[in-house]
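Understanding the architecture of this molecule
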Amino acid sequence: NMAISGETTLSTSARQGGNTICVKEGIIIPADNSSVPITVQDKNGNTFSQSSPLLTDHINPCKVGNIEGTITNNSGNLTFQRFEAGDEVTVQAGTKITPYGKLYNNSFTDVMIIYMGTNDGWNEDNETLMGQIDDMIGCYGKSNYIVVSPCSGKYVRDEEGIQNIKNLETAMAEKYGNKYINLREKMIAGVLEFNGLSATEEDTSRMAIGQIPRTVLASASDDTHGNDYFHKYLAKLVYDKLTELGY
């Protein structure tokens with residue numbers, strides 16, 4: 001569903017359809033194709049920042065109620081424009097907005113891979129993150145899925161965060177079974193060897209406390225995003241899991 005750098009779990013799951021997006025304040029969609037201002041929130045009342053990827057074209061085309069069209073972000077102000085002219089429609093607050101992911105991707109996708117939690121949106125509460133994942137699985141409606149736990153970024157920068165991630169990994173392993181990939185442990189155990197690399201002194205120190213090697217992260221100042229070594233190994237892990245599960 002095209003989640004991108006900096007996106008929270010709230011908007012990632014919203015664009016897939018698991019986290020329901022609603023109209024925050026009632027609007028009237030005009031009979032013609034002119035745009036109308038619109039405000040949105042998720043099912044729990046969370047709103048999305050003006051810079052959120054939720055407000056990019058990745059949500060489009062979408063439906064507001066039964067009217068299909070596009071939501072556009074104009075310098076932080078959202079507008080909705082219907083595709084086809086018709087009758088004027090009054091849309092009540094709380095009316096569901098169906099994003100592109102729910103309209104199309106879920107139907108045509110053979111396997112759903114959920115890898116999120118590196119960024120905000122779950123407040124380091126494991127039940128919240130797994131609840132968001134469960135909502136996505138329920139929306140997907142198929143049994144062919146893989147769940148990957150976060151392994152880098154701000155949630156694994158200190159001892160307390162690392163322990164919380166370990167608790168999350170234990171809970172995910174229990175809940176998702178063989179459909180789960182513990183990415184942090186896999187990276188520590190095999191990413192350097194897979195890429196023909198030797199551990200630096202910093203890599204060794206990081207791995208000893210449960211962090212993935214600095215060598216496979218984007219830069220010395222970026223401990224959130226992986227580099228090519230990281231992504232090649234991640235691809236291998238996902239491919240192996242797809243093969244194991246017969247997907």
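Residues numbered from 1 in each chain as written. Predicted model: local features only at pLDDT ≥ 70, side-chain atom pairs only at ≥ 80, totals over all residues. Heavy atoms only, no water.

Grouped burial of nonpolar side chains is what soluble globular proteins tend to show. Of all hydrophobic cores here, the largest spans 21 residues; its most connected members are I133, I137, V147, M172 and Y176. Contributions of two or more residues to this core are made by β10 (112-115), α3 (126-140), β11 (145-148) and α4 (159-176). With near-sequence residues (within four places) excluded, Y176 lies in contact with M130, I133, D134, I137, Y145 and V147. (Core = buried A, V, L, I, M, F, W, Y, C linked by side-chain atoms within 4.5 Å. Buried < 20%, exposed > 50% of the residue type's maximum accessible area, 1.4 Å probe, protein only. Helix = DSSP H or I, 4+ residues; strand = E, 2+ residues; numbered from the N terminus. Contact = heavy atoms within 4.5 Å.)

Before going further, it helps to spend a moment on the sheet that holds β11. Pairing in this open sheet of three strands is parallel, and the strands run β10-β11-β12 from one edge to the other. Whereas interior strands pair on both sides, the edge strands pair on one side only; in this sheet they are β10 and β12 (180-181). Two strands pair when backbone bridges link them, and β11 and β12 are joined in this way by two bridges, in the parallel orientation. In the sheet register, V147 faces β12, and the bridge partner there is Y180. Of the strands in this sheet, β10, β11 and β12 touch helix α7 (residues 228-245), which is tilted by about 140 degrees from β11. (Pairing = 2+ DSSP bridges. Axes fitted to C-alpha atoms, helices over the stretch in contact; angles between N-to-C directions.)

Turning our attention to the pattern of salt bridges. Considering all chains together, one arrives at ten salt bridges under this definition. Between K154 and D120 there is a salt bridge whose closest N-O contact spans 2.3 Å. Placement of K154 in the loop between β11 and α4 and of D120 in the loop between β10 and α3 is noted, with a sequence separation of 34 residues between them. The exposure class assigned to D120 is partly exposed, which follows from its relative accessible area of 35%. For D240, the salt bridge identified is with K236, shortest N-O distance 2.7 Å. One end of the pair is D240 and the other is K236, both in helix α7 and four residues apart, which spans about a single turn. Exposure remark for D240: the relative accessible area of 35% places this residue in the partly exposed category. Overlapping salt bridges bring together E169, R184 and E185 as one network. (Salt bridge = Lys/Arg side-chain N within 4 Å of Asp/Glu carboxyl O.)

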